[in-house]
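Given next are the chains, with one letter for each unit.
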Amino acid sequence: MPSYETPLAAGMDVRADIAEEIVLAPLGRALVPTGLFVELPAGYEMQVRPRSGLAAKHGVTVLNAPGTVDADYRGEIKVILVNLSDTPFGIKPGERIAQIVVARHERVEWELTEALSDTVRGAGGFGSTGR
């Protein structure tokens, strides 16, 4: 089962549900099963996020971070791991491979318009607020 590793953790660690070690080659990726199947309530999502320790120490991260699990998904939760380092990395059975965060979300209704309201920022992006 996923578990919070500290009392104030937002994310729960999930583990590799594998019988044998998976070796990720440098720049290699693998779809790693967790053995978890969930039924989230309507209005909730689960995000699959990297574990900072794996990323910092080994260069292993979640490729599509954050991965989104929708409330209507019923398949097994799997994690796409990628090895961004220059050395092979072994994923052992039961190893903590990612973390999940469950949160409420809103749905929006789109409205077509010809113009947007003005703001101080305007169309400035990608570093524009750092000037």
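Here the structure is shown first, and the text comes after it.
Right, let's walk through the structure included here. Here the structure is a predicted model, which is why all the values come from computation and not from measurement. (Residues numbered from 1 in each chain as written. Predicted model: local features only at pLDDT ≥ 70, side-chain atom pairs only at ≥ 80, totals over all residues. Heavy atoms only, no water.)

**Looking at the nonpolar core**
Stage number 1. By size, the foremost hydrophobic cluster in this structure holds 24 residues, and its most contacted members are Val32, Val48, Val79, Leu81, Ile91, Ile97 and Ala98.
Stage number 2. Leave out the neighbours within four places in its chain, and valine 79 touches Ala30, Leu31, Val32, Thr34, Val48, Val62, Ile97 and Ala98. (Core = buried A, V, L, I, M, F, W, Y, C linked by side-chain atoms within 4.5 Å. Buried < 20%, exposed > 50% of the residue type's maximum accessible area, 1.4 Å probe, protein only. Contact = heavy atoms within 4.5 Å.)

**As for the sheet that holds strand β7 (residues 76–83)**
Stage number 1. With antiparallel pairing, three strands are arranged side by side in an open sheet as β3-β7-β5. Edge positions in the sheet fall to β3 (29–37) and β5 (60–62), since each of these pairs with one other strand and no more. Each adjacent strand pair in this sheet contributes to an overall mean axis angle of 35°, direction not counted.
Stage number 2. As paired elements, β3 and β7 share seven bridges and run antiparallel to each other. Bridge pairing links phenylalanine 37 to glutamate 76 in β7. (Pairing = 2+ DSSP bridges. Helix = DSSP H or I, 4+ residues; strand = E, 2+ residues; numbered from the N terminus. Axes fitted to C-alpha atoms, helices over the stretch in contact; angles between N-to-C directions.)

**Points about the pairing of β7**
Stage number 1. Of all eight residues making up β7, six are buried, and the element is well covered by its neighbours.
Stage number 2. Bridge count between β5 and β7: three bridges; the pairing is antiparallel. From the neighbouring strand, valine 62 faces β7, where its bridge partner is leucine 81.

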